[in-house]
Amino acid sequence: MTDRFTVFHDELTQETVYYTTHPTGVKIAICPKPYIKSAYAVFGTKYGSIDNDFSVDGGEFTRVPDGIAHYLEHKLFENEDCEAFEQYAQIGACANAYTGFDRTCYLFSCTREFDHAFRILLDFVQNPFFTEETVRKEQGIIAQEIDMYRDNPGWHLYYNLMKAMYRDHPIRTDIAGTAESISQITPELLYRCYDAFYNPNNMVLSVAGNVNPDRVLELCDELLKSKPQHEIVSRCPEDDGSVIQTFTECEYDVPMPLFQIGFKKKYRRLTERERVLLGIVRAAVFGPVSDFYSRMMNKKLIGTDFAPGFIYLRGVLVSTFQGMSRSPEAIRDEIFEEIERVKREGISPRVFECLRRSSYGGQIIMYNNPDDIAEILLGDLMNGTNVFEGLRAATEITVDEGNQLFSEMFDISNSSLSVVRRGKEA
Amino acid sequence: MENKLYVSTLAEGVTFRAVRETRFKNACIGVHFFFPLQREYVTVNALLTSMLRRSCARYPEYNELRRAHAMLYGAESDTSVSIIGNCQMLSVEIEMTDDRFIPDGECVSGECAELLSELIFRPAVGDDGRLFRQEDLDVVLRNAEERIQSLVLDKEAYASHRCYEIMCEGEAAGVAPGGYLEDLPGVTREALAQAWQRILTTSSVEIITVGGMDHAPVERIFKKEFNATERHPVSLPGRPGYKESPEVRTVTERIDVKQSKMIMGYRLPVIEPDDRTMAARLMSLMFGGGTSSLLFRNVREKLSLCYYCSSSYGRSTGLMFVRSGIDETNYDKAVEEIKKQLAVIAGNEFTDDEFNAARLTALSAFDNIGDSVSSIAEWYANQYLDGCVRTPEQAAERMKAVTRSQVAECASLAKLDTVYMLSPDRTEQSGDLPEGGAI
């Protein structure tokens, strides 16, 4: 049976991955690690909060309430006769699920009874059961979840930045929606979203740890259901790549101002090599190894929470910096200056080499944990990438490539600053 | 796991423990100092960990130290300080890519061990020749102040911290291992040097390596260092005793939040080395240890009162905390339901399925310990004060022996002490944050 797999062996990590597309259309990756006890499986659909306006097979577009993908994730755990959580509990497996901007994933980890846990996963994800009553019941739980997020000033910082940078893209909206938007969710709408996006041709399955690939495929043959393939168009508003506001601010009871700065680029797909290179470049110029970091620390403009970051998904490409600062405007200006300086003088080759090595070691360590490996492979299946290319890139990339990508990604005339500061009355 | 374990004594009160593991792509070395908790030294000890992480004599500049780590293929060192029972544990650790995965046969484990010993034994020196640099201390003091002040940004952690502070005032468990704002001005270079000397001289020390590396060079480095250090280990105090409060205390504090954080603190007279700690762990797991627990299934799933409701029990303190985020109007309902579920366990009225589910979850957790370098290292470090070292497999056997009635007994012994609520400000304006605070 193994000839149904395409087998890939990576020399650097000494890992072997078994890939296949199941006859139902589900794309599968399996990384066996027989010498550890645990196993992790994740079953996901390319459906997240940004897919809020879609059409199936050329039909009319449906605009669904914000937060519905996340709501659907909560409700899928409940089958007609039994809750998936309870079934997992009976065998000691640990289960969870998450909804992102562009994906919804269901997962479990276990150290025994893998077959049983895998059956539960494939069963509940493929058997939705929504009624008026069960849908209503979830509103209290999710309303509490939304309130919990809103009590985090970082939440306001982030969404305000997205609103300053994107005019129409759904990344402006909280994944969980609002108390008002989730009140419009009905069983019919949930079924409509489910039927559109939980089609096997839109789904991926990734498994790592103490498992046998042949056995996993046998279980897939037994449990995965075929459905007619259909074409989904998820509409994402056009974006010209420029920011809307360069500054946005809100008040919240924080001891010191929080800031997040974004440098926006018109969306394009990045290769794995570029993704890894961008991580190295960000750390080399702005991370704790950089002269910039020490200088800002000495000027008391940043604290240890200062962190460069990156937001990259369909339609969105933003490099970010966030932290606490007594003067967010001053740190923004310093970042501007440093960007211009690096564009003129280039990144220090010595520091680049440190970070190249660090990136290599860091990527090797990612292949330890079944949880991490399965999630990495899941991302590959969803995006059509090969993460091992990123690791190989870390053995050969050069500072010249780094300088070129840096110049492309950081344009100081296309940035926004989001600030949360203490209200005047406080 | 026993056959892979190597143990030796390097100096008075210094144990070296090497766990050989070739299943992973990383390795780690940790040096753990154990000493009696003293409230007056908590802040300086916390700042000492920040200083040791920030520079050393060989790399006095922070970015140079970070570059040295990056050159070792992204090795990461970290320092921490925590409270276990009546003791403090100060740890200095380094994690690295295992030598087998480093290109060109370079041996980073030896270099990492050396770097770690530099961090511990040779702090940076000021222009005046004395230990620790004022410029580092200024940065570390500012970061500590910001860290303590911004604790309130994480509402759950803040509520938890306040509940500990209120419920365990005057006890070891009520002390904040991260230190206190009001003590920061007393932290000088001299105070740091004294704390450093005191910890090196008087602590009991456990060094743990996990990975595929040859442990002999690591052992040699630390043997040499500790033998060159004056050593007078002091005896470590036993675990705290059980303290019952006469009545349940209810405290509500108000700040600008939408959701209330509720924490219920219980006390159990089941504290290490009590044989019943395993039963208490299982009880807390069945009560509120995850999605199979009574709290998750009843308070969240059946009554829809919250997004999370969980419990945790500490075997070094006998304290158990139930945490939940609720709407304030549901306070009575939530408290009632949580009490009801504990009564179900105390009355031995839970089902066999519930009992078995909790037990399987516990056994899976023990299974998982052997699956990562960091959890193996943590497992051994955390047992140091127990006075006997068990493998995860041996602990799992003890867990298997726990009976229903032992679990019920532990639940019946749990006494509610404090109910703490962090709730929305009634005036609809952003209210003042409580002053001071700690972490």
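Everything quoted here is computed from the prediction, not taken from an experiment.

Caption draft 1: Summary view of the domain arrangement of chain A. Residues and elements named next belong to chain A. Parsing chain A into structural domains produces domain 1 (2–234) and domain 2 (247–421). Taking only C-alpha atoms into account, the centre of domain 1 sits 28 Å from that of domain 2. At the interface, 39 residues of domain 1 touch 30 residues of domain 2. Among the elements of the structure, β2 (15–21), β3 (27–32), β4 (39–45), β8 (104–110), α5 (153–165) and β9 (203–209) are those that each provide at least two residues to the side of domain 1 that touches domain 2.

Caption draft 2: Local environment of the pairing of β9 of chain A. All names here are of chain A. A large share of β9 lies buried, amounting to seven of its seven residues. Bridge analysis of β3 against β9 gives six bridges, and the strand direction is parallel. Among the inter-strand pairings, I28 is bridged to a residue of β9, identified as L205. Relative to β9, β4 runs antiparallel, the two being bridged by seven bridges. Note that in β9 the partner of Y40 across the bridge is A208.

Caption draft 3: How the structure looks around helix α1 (residues 42–54) of chain B. Residues and elements named next belong to chain B. Its 13 residues place the ends of α1 19 Å apart at the C-alpha level, agreeing with the 18 Å of an ideal helix rising 1.5 Å per residue. The element α1 is extensively covered by neighbouring structure, given that 12 of its 13 residues are classed as buried. At its buried positions, α1 is contacted by α2 (62–71), β4 (76–84), β5 (87–97), α3 (108–121), α4 (134–149) and α6 (189–202).

Caption draft 4: View of the domain arrangement of chain B. All names here are of chain B. For chain B, the domain assignment lists domain 1 (2–227) and domain 2 (249–424). Each of domain 1 and domain 2 has a C-alpha centre, and these two points are 30 Å apart. Of the residues lining the interface, 29 residues belong to domain 1; the matching set on domain 2 comes to 24 residues. Going through the elements one at a time, β2 (14–20), β3 (26–36), β5, α5 (155–167) and β6 (204–211) are the ones with two or more residues in the side of domain 1 that touches domain 2. At nine residues, the largest contribution of residues to the side of domain 1 that touches domain 2 is made by α5.

Caption draft 5: Structural view of α2 of chain B. With seven of its 10 residues buried, α2 of chain B lies for the most part within the structure. Those residues of α2 of chain B not exposed but buried are Y62, N63, L65, R66, R67, H69 and A70 of chain B. Considering only its buried residues, α2 of chain B is in contact with α10 (291–298) and α12 (349–365) of chain A together with α1 and β4 of chain B. One or two residues past the end of α2 of chain B sits Y73 of chain B, with phi positive at roughly 55°.

Rules used throughout
Residues numbered from 1 in each chain as written. Chains lettered and ligands numbered in written order. Predicted model: local features only at pLDDT ≥ 70, side-chain atom pairs only at ≥ 80, totals over all residues. Domains from an automatic or database assignment. Contact = placed C-beta atoms within 7 Å. Helix = DSSP H or I, 4+ residues; strand = E, 2+ residues; numbered from the N terminus. Buried ≥ 20, exposed ≤ 12 C-beta atoms within 10 Å, placed from the backbone. Pairing = 2+ DSSP bridges. Expected span 1.5 Å × (residues − 1).

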